[in-house]
Amino acid sequence: MLGLMGCGNPQLSALQPQGKGASALFDLMILSLAIMVVVLVVVFILFGYVLVKFRERKGDDTIPEQVEGNHMLEVLWTAIPIVLLLVLAVPTVMTTFDLAVSEKSAEESKDASGDKEGPMTINVTAHQYWWEFEYPDQGVITSQELYLPVDERVNVNLSSADVIHSFWIPTISGKMDTNPGDKLENKMWLHPEKVGTFQGACAELCGDSHALMYFKVKVLEKEEFDAWIESMKNTKYDDAPSQVAEGQKIFENNCLSCHAVGDKGGNVGPALTGFADNEKVAGILEHNKDNIKDWINNPQDIKPGNNMPDFNFNEQQLDALADYLLELKTAE
Amino acid sequence: MSNAHAANKSVLWDWLTTVDHKKIGILYLISGGFFFLVGGLEALLIRIQLMGPEMTFLTGDLYNQVLTMHGTTMIFLAAMPIIFAFMNAVVPLQIGARDVAFPFLNSLGFWLFFFGGVLLNLSWFLGGAPDAGWTAYAPLSTQSSGHGVDFYVLGLQISGAGTLMGGINFLVTIINMRAPGMTFMRMPLFTWTAFVTSGLILFAFPALTIGFFLLMFDRIFEANFFDANMGGNAIIWEHIFWIFGHPEVYILILPAFGIISEVVATFAKKRLFGYSAMVFATVLIGFLGFMVWAHHMFTVGLGPVANSIFAVATMAIAIPTGVKIFNWIFTMWGGRNRFTTANLFSVGFIPTFVMGGVTGVMLAAAPADYQYHDSYFVVAHFHYVIVGGLILGLFSGLYYWYPRMFGVMLNETLGKWNFWTFFIGFHLTFFPQHFLGLMGMPRRYFTYPEEFQLGSLNFISTIGAIGMTVGTIIFVINIIVTHAKGEKVSGDPWDGRTLEWAMPNPTPHYNFLQTPLVRGLDALWIEKMAGNKGMTPAEPIGDIHMPNNSILPFVMSLGFFIAGLGFIYINTAGLPALIAVIGGIGIGLVCMFLRSWIDDHGYHIHKEDLLKENKGVDA
């Protein structure tokens, strides 16, 4: 059973918990597995014994005794499982309530951290096929990469702009669906305990590129996180260096109505503020100039069914755009 | 009446019009078997795509179509009809009846299922199959472009109506048509599970029917039941689907439990251990099956109270299931167990199903499910219960009842090869998937990057799938070889315990010459032990009343098939589609009218003919 720990990629595996939620779930998984292994061992030993002991032997044609049953045994194998299940049911219910976001749990966390306003809130909106992360109190919107402070509880509101998706960071917490419609907004909390980059994914079938709807989670020290928020807030669209003015011009004419940069732009597509620091292009490709050009040129080949139109840019325009995008850094 | 001479007409006409439960059972088996091969092929395509990281064999929307059709086909068009095949072939014989209560309805149920299944699969050739998963969650299903999901809704609606009819038919049959002395607590366990399954169908399928109507109206007539922007609610679909969908799981597995109970007892030469506990457990599982649907929805955001209640209710199902497992083991205990192919599949079922059951309890722990849900852990779990449980059970039943259904016995050597390749292939395919899920692989993903280290387990899984394919091919070869040889066997090749083995081979058209008198559980075994040659008759030989064959069920189902096609294209094809809708429903209504108008009293097989046929039987 201990062999289970440490299985898989440490950025992705639910067996290597890096946050309070995932740890609680891991403990529950191990408890349930332990109980179930007891059951398996008992059944397999009985079963194996019967298989060996009571096979038909050559020349034996006696008719076995026609046993009707045994009340004592029936009571026994009804009662023992009930006890085992109770052992599992109690921590199950407790963990269910611990993981839920209730007013009570929000207050507790406020006392513990001593923060002035309680836990920070992040609004997560799922789109086909990308993720939008809004820090409403700080006025920061980002996409595809979720920044979190370490050792701090964060409340997350989950919703969807189109179909049902499911928000899952296996190493930090369990998953929860993002439902369309204001009435169906979900709440959960994240509490990462380790600095690093982790993998998030969509876990509910959401269309052609469901398998490509990854996002990164960057857990930073508190000071670094605060600095990141500050620099995101201070980034302005007009900050772009003059050598990429051509790219910026193309961007302004074609892209800005959907993609926000700093203080300008629409919100139909992912916000690109600080895009130069991203680990991936479109959440899945390695972050380099070729892939940026490739993505702009063939969005449907790379993520089939997504909503980015094909602009038919020529090579020169693509180069200029990619150069501009690679200069989209956050303010100092 | 003239129908006794139906044999003069062509063989095809006979099969199209038959109302004989034995033939309808075979029709269900052949069409279910065909769809099983189709669904299996789709599974193989999925496993090929996932064999290594970043493969491009089958991606995006096409992958979604294949995964949707794999699930839908296997559940609705393979598993359900094969279960109905056994219920038809076995239940009337086990209770000592001459047919089901409503033979015409039985035929109608089959043809509706058949045409529904054909309609659904036509989508492959008419612009693309459904692509929203077998669960068809709104709004993905309502927004899905093309006609794929329309085929899903209409095809399954028609096929589901057939299933509902079948369920009602077997409820009435089992309640009303038991032979004298066959009390409820003397019914063989397979009949019990068929009874409870039929009850579940009666209550579960109407929910699906309503769900499909809502989905159909959203897609075809621009209703907004599931559209949040128009005040609808997508979660309603999930509730409706799983209020049907969870009992469906028990609709599938209970008959497999029944088969295992028959086979294990027969080949242990022992009475089923704890019969009344087994019956009670079956009924309890059926009842609890309706109380746990929301465990498919732990991550939807129903809140901690609902999640806790459904978690504990789900765990409770483990108790009656455990009772069954232990009773099977103790049936074998002290027995003289003979490991025929049928029994191998049953015995293989027990540990496999226990493994599926324990992961079921793990999944019931609601918060832990936040990790398992929609990951490959769940995929592993439900394939352990559906393939490792249901399909092994169906194979077991097939090897066991094949002599009864076809008069020939499947080859045992090939049967054992079939078992071992399929069984080992199965575990190789699905055991690694538990770990894939825990390592963070979500289900319904057509690819995964190399850096996630999911490649080697996926590769093993695909190798396993090839093993299962080999097993299935051996099975098909076995059928061909067996029928090519065509060696007839006696009516009771396994030294059976229950009434279906009390008839000669091939089973007479009217089943029992004289309705048997049942004197206890395992009615035939009791007579054998008392030294009697066969069942004691409960009546003298007399005229036997039989139903007439009818083509109406076939035509009526064809009508609804045409109407279904019309509905699918009503927004794009205009007038021709409208004509198809009106014409198709018209055909259905005319058939209903004819059925009501024409008095059909059936016909009698006369005593004299029966005596001529069965020389030497005392009148």
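What counts as what
- Within each chain, residues carry numbers counting from 1 in the order of the written sequence.
- The order in which chains are written sets their letters, starting at A; the order in which ligands are written sets their numbers, starting at 1.
- Two thresholds apply to this predicted model, a pLDDT of at least 70 for residue-level local features and 80 or more for giving and counting side-chain atom pairs, whereas whole-chain, interface and lining totals are computed over all residues.
- Only DSSP runs of H or I covering at least 4 residues are called helices, and only runs of E covering at least 2 are called strands; the numbering of each starts at the N terminus.
- Any two residues are considered in contact once their C-beta atoms, placed from the backbone, lie within 7 Å.
- Atoms considered for the radius of gyration are the C-alpha atoms alone. The globule rule reads 2.2 Å times the number of residues to the power 0.38.
- Three exposure classes are used. Buried residues have 20 or more other C-beta atoms within 10 Å of their own C-beta, exposed residues have 12 or fewer, and partly exposed residues fall in between, all C-beta atoms being placed from the backbone.
- Here the bounds of each domain stem from an automatic or database domain assignment.
- Side-chain classes follow a simple rule in which Ala, Val, Leu, Ile, Met, Phe, Trp, Tyr, Cys and Pro form the nonpolar group, Asp, Glu, Lys and Arg form the charged group, and the remainder, Gly included, forms the polar group.
- By definition, a nonpolar core groups buried Ala, Val, Leu, Ile, Met, Phe, Trp, Tyr and Cys residues that connect through C-beta atoms lying within 7 Å of each other.
- To get an axis, a line is fitted to the C-alpha atoms, and for a helix only the part in contact is used. The angle between two axes follows their N-to-C directions and goes from 0 to 180 degrees.
- Throughout, the term roughly parallel applies to angles under 35 degrees, roughly antiparallel to angles over 145, roughly perpendicular to angles from 65 to 115, and oblique to all others.
- Each crossing gets its hand from how the near helix is turned against the far one by less than a right angle, where anticlockwise is left-handed and clockwise is right-handed.

### Examining the overall build of chain B
For chain B, the count of helices and strands is 19 helices and 2 strands. Summarising its shape, the C-alpha atoms of chain B cover approximately 75 × 65 × 50 Å along the three principal directions. The long-range share in chain B, meaning contacts at least 24 apart out of those at least 6 apart in sequence, stands at 82%.

### A word on the overall build of chain A
Along the backbone of chain A there are 8 helices and 12 strands. Taking 332 residues into account, the globule formula puts the C-alpha radius of gyration at 20 Å, and chain A, at 27 Å, lies well above it. By the burial criterion, 40% of the 332 residues in chain A qualify as buried.

### Some remarks on the interface of chain A and chain B
On the chain B side, the residues contacting the 74 residues of chain A number 73 residues. Elements with a minimum of two residues in the side of chain A that touches chain B: α1 (20-53), α2 (71-99), β6 (165-168), β7 (176-178) and β9 (196-202) of chain A. Top contributing element to the side of chain A that touches chain B by residue count: α2(A), with 15 residues.

### Notes on the domain arrangement of chain A
Residue and element names in this part refer to chain A. Along its sequence, chain A is carved into domain 1 (1-48 + 71-220) and domain 2 (237-326). With centres defined by C-alpha atoms, the gap from domain 1 to domain 2 works out at 33 Å. In this assembly, 18 residues from domain 1 lie in contact with 15 residues from domain 2. Of all the elements in the fold, those that place two or more residues in the side of domain 1 that touches domain 2 are β2 (130-135), β3 (140-143) and β10 (215-220). Top contributing element to the side of domain 1 that touches domain 2 by residue count: β3, with 3 residues. Looking at the side of domain 1 that touches domain 2, its residues break down into 7 nonpolar, 7 polar and 4 charged.

### Concerning the domain arrangement of chain B
Put simply, an interface is often sized by how much accessible area is lost when its parts join up. Residues and elements named next belong to chain B. Its domain assignment divides chain B into domain 1 (2-538) and domain 2 (554-619). Distance from the C-alpha centre of domain 1 to the C-alpha centre of domain 2: 26 Å. Every contact between the two is made by 17 residues of domain 1 and, on the other side, 17 residues of domain 2. Mapped onto the side of domain 1 that touches domain 2, the elements with two or more residues apiece are α4 (103-122) and α6 (148-176).

### Here we look at the nonpolar core
Residue and element names in this part refer to chain B. Ala79 and Ile253 are the most contacted members of the largest nonpolar core, which totals 281 residues. Broken down by element, the residue count for this core peaks at 23 residues, all from helix α8 (residues 234-268). Residues in contact with isoleucine 253, not counting those within four places in the same chain, are Val385, Gly389 and Leu390.

### Let's talk about the packing of helix α11 (residues 341-364) of chain B against helix α13 (residues 376-406) of chain B
Residues and elements named next belong to chain B. Following both chains from N to C, one finds α11 and α13 inclined at 160 degrees, their axes separated by 8 Å at the closest point. One finds that α11 runs roughly antiparallel with respect to α13. Like other packed secondary-structure pairs, α11 and α13 cross with a definite hand, here left-handed. For the contact of α11 with α13, the residue count by class is 14 nonpolar, 12 polar and no charged.

### Re unusual backbone geometry
Residues and elements named next belong to chain B. Cis rather than trans, the peptide bond between alanine 138 and proline 139 has omega equal to 0 degrees. If you trace the backbone, proline 139 turns up in the loop between α4 and α5 (140-143). In this model, asparagine 505 is joined to proline 506 through a cis peptide bond whose omega is -5 degrees. Within the secondary structure, proline 506 is located in the loop between α15 (455-485) and α16 (523-529). Here alanine 136, not a glycine, exhibits a phi torsion of approximately 50 degrees, which is positive. Summarising the element assignment, alanine 136 is placed in the loop between α4 and α5. The phi angle at arginine 444 is positive, at roughly 60 degrees, despite the residue not being glycine. Secondary-structure assignment places arginine 444 in the loop between α14 (412-438) and α15.

### Description of the environment of A:Glu224
You can see A:Glu224 is positioned in helix α4 (residues 222-234). A C-alpha to C-alpha distance of 10.0 Å links A:Glu224 and A:Leu148, two positions 76 residues apart in sequence.

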